[in-house]
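One-letter residues, chain by chain:
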Amino acid sequence: RTFRVLSRNTKMQRLVISVAQTLPSIGSVIKLTFAIFLSFAIIGVRIFGGKFGFCEQILDVTQSVSSTSYMAKRLDIDQHSCDLRDDTYWNSPKYDFDWIGSALLTLFETASLDGWTNIMHHAMDIGDSPNANWPACLFFITFILCGSFMMIRTIIGVFIDKFGISSGLKLLTERQKLWRDMHGVAMSMRPKRMEMKPSEGSVRRICYDAIHSKMFKKKSS
């Protein structure tokens, strides 16, 4: 069904051809985007590697029929020391910078702007107290500006540029664009149909005047 619609719609065919012609240029932009992601991933592993997880000491446990809640205290000890104790456990977040693969996944989640503030807050809380590592927010803000906003707009800009070249719109001068617009307006205009009134004194003229009278229009509305 999809190919049947494309075969009958010339505008859709033109759009698909333009997208296909844009793919080589977009591929270069995607390579640049991956290089930016990889650079930030290496920096993230260097700065935050192994630091997103933390040890929590269980202070009080409250059990109910439907759920279990507990109070915990964060301890500044490593994972090995945390595992040796019975009243503590190692809290590992969903996203981290422990290795390149997880760092790229974390950066992809950050670039999607879906829950990226939680990841940034994890990085800012590295240390003895909350927001102890507050300069970490500069890393994520810089990445969003470079890896998310700029790259997305670059891909859109490349597509618009290639589409303008393939359609010929970008190669027109200002006078040619003005002629194209005026030609479109002229082609959209249609002559107004004039009503031919029946001859005077005929039955058709009497019916015509009765239908077009103000009283008839008022009654019919």
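On a predicted model such as this, the values are computed, not experimentally measured, just so you know.

(A) Just the packing of helix 2 (residues 10-48) against helix 4 (residues 100-111), in detail. One can describe the packing of helix 2 onto helix 4 by two numbers: an axis separation of 9 Å at closest approach and a directional angle of 115°. By crossing handedness, the relation of helix 2 to helix 4 is classed as right-handed. Residues F37, L38, F40, A41, I42 and V45 of helix 2 touch helix 4, and the partners they reach there are I100, A103, L104, L107, F108 and A111. Residue composition of the contact of helix 2 with helix 4, by class: twelve nonpolar, no polar and no charged.

(B) Region of interest: a nonpolar patch on the surface. A surface patch of nonpolar side chains, about 500 Å² in accessible area, is lined by F34, L38, I42, W99 and I100. Top contributing element to the nonpolar patch by residue count: helix 2, with three residues. Following the sequence through the fold, I100 ends up in helix 4. Under the relative-accessibility criterion, I100 is labelled partly exposed at 34%.

(C) Representation of the packing of aromatic side chains within the structure. Under the defined criterion, the tally for this structure stands at nine aromatic pairs. Measuring from centroid to centroid gives 5.1 Å for F37 and F143, while their planes differ by 80°, and the two rings are edge-to-face. Of the two residues, F37 is situated in helix 2 and F143 in helix 6 (residues 136-167); the sequence distance between them amounts to 106 residues. A relative accessible area of 12% places F37 in the buried class. F143 sits in the buried class, given a relative accessible area of 0%. Their ring planes at 90° and their centres at 5.2 Å tell us that F139 and F140 sit as a pair that is edge-to-face. Since its relative accessible area comes to 11%, F139 is described here as buried. Each member of the aromatic cluster is reached from another via a ring pair, and the members are F37, F40, F48, F97, F139, F140 and F143.

(D) Region of interest: the environment of S129. With respect to the element layout, S129 can be found in the loop between helix 5 (116-124) and helix 6. By relative accessible area, S129 is classed as partly exposed at 39%. Taking the C-alpha atoms as reference points, S129 and D76, 53 residues apart in sequence, are found 9.3 Å from one another.

(E) Fine view of the pattern of salt bridges. Within the structure shown, the criterion is met by two salt bridges. Of the charged contacts, one joins R205 and E200 as a salt bridge, the two residues approaching to 3.0 Å between their closest N and O atoms. Under the relative-accessibility criterion, E200 is labelled exposed at 63%. The partner of R205 in a salt bridge is D209, with the nearest N and O atoms 3.2 Å apart. With a gap of four residues between them, R205 and D209 both fall in helix 8 (residues 203-211), about one helical turn apart. Connected via shared salt-bridge partners are E200, R205 and D209.

(F) Structural detail: the confidence of the model for the chain. Chain-level statistics for the chain give a pLDDT mean of 79 and a share of 89% at 70 or above. Between the elements of the chain, mean pLDDT differs from a low of 68, seen in helix 1 (residues 2-8), to a high of 89, seen in helix 4.

(G) Fine view of the environment of E195. Inspection of the secondary structure puts E195 in the loop between helix 7 (174-188) and helix 8. Residue E195 is classed as exposed on the basis of its relative accessible area, which comes to 57%. If we skip the residues at most four places from it in the chain, E195 touches Y208 and H212.

(H) Quick look at the layout of surface pockets. Computed from the structure, the largest pocket encloses a volume of approximately 270 Å³. If you trace the largest pocket, you find 17 residues lining it, with F54, R74, L75, D76 and G127 closest to the centre. Those elements that place two or more of their residues in the lining of the largest pocket are strand 1 (54-63) and strand 2 (68-75). A class-by-class count of the residues in the lining of the largest pocket yields seven nonpolar, four polar and six charged. Put simply, the second largest pocket is a space of about 170 Å³. In terms of lining residues, the second largest pocket is bounded by I30, T33, F37, F108, A111, S112, G147, S148, M151, I152 and I155. Breaking the lining of the second largest pocket down by element, the ones donating at least two residues are helix 2, helix 4 and helix 6. In terms of residues, the lining of the second largest pocket owes the most to one element, helix 6, which gives five residues.

Definitions and cut-offs
- Residues numbered from 1 in each chain as written.
- Predicted model: local features only at pLDDT ≥ 70, side-chain atom pairs only at ≥ 80, totals over all residues.
- Heavy atoms only, no water.
- Axes fitted to C-alpha atoms, helices over the stretch in contact; angles between N-to-C directions.
- Helix = DSSP H or I, 4+ residues; strand = E, 2+ residues; numbered from the N terminus.
- Left-handed = near helix turned anticlockwise from the far one by under 90°.
- Contact = heavy atoms within 4.5 Å.
- Nonpolar A, V, L, I, M, F, W, Y, C, P; charged D, E, K, R; others polar.
- Patch = residues over 30% accessible without salt bridge, like charges linked within 9 Å, V, L, I, M, F, W, Y side chains within 5 Å.
- Areas by Shrake-Rupley, 256 points an atom, 1.4 Å probe, with all protein chains shown as cover.
- Salt bridge = Lys/Arg side-chain N within 4 Å of Asp/Glu carboxyl O.
- Buried < 20%, exposed > 50% of the residue type's maximum accessible area, 1.4 Å probe, protein only.
- Phe/Tyr/Trp six-rings, centres within 6.5 Å; stacked < 30°, edge-to-face > 60°.
- pLDDT = per-residue confidence, 0-100.
- 1 Å grid on protein atoms, 1.4 Å probe; cavity = no way out; pocket = protein on both sides within 12 Å on 5 of 7 lines; lining within 4 Å.
- Points joined across faces, edges and corners; volume = space filled by probe spheres on them.

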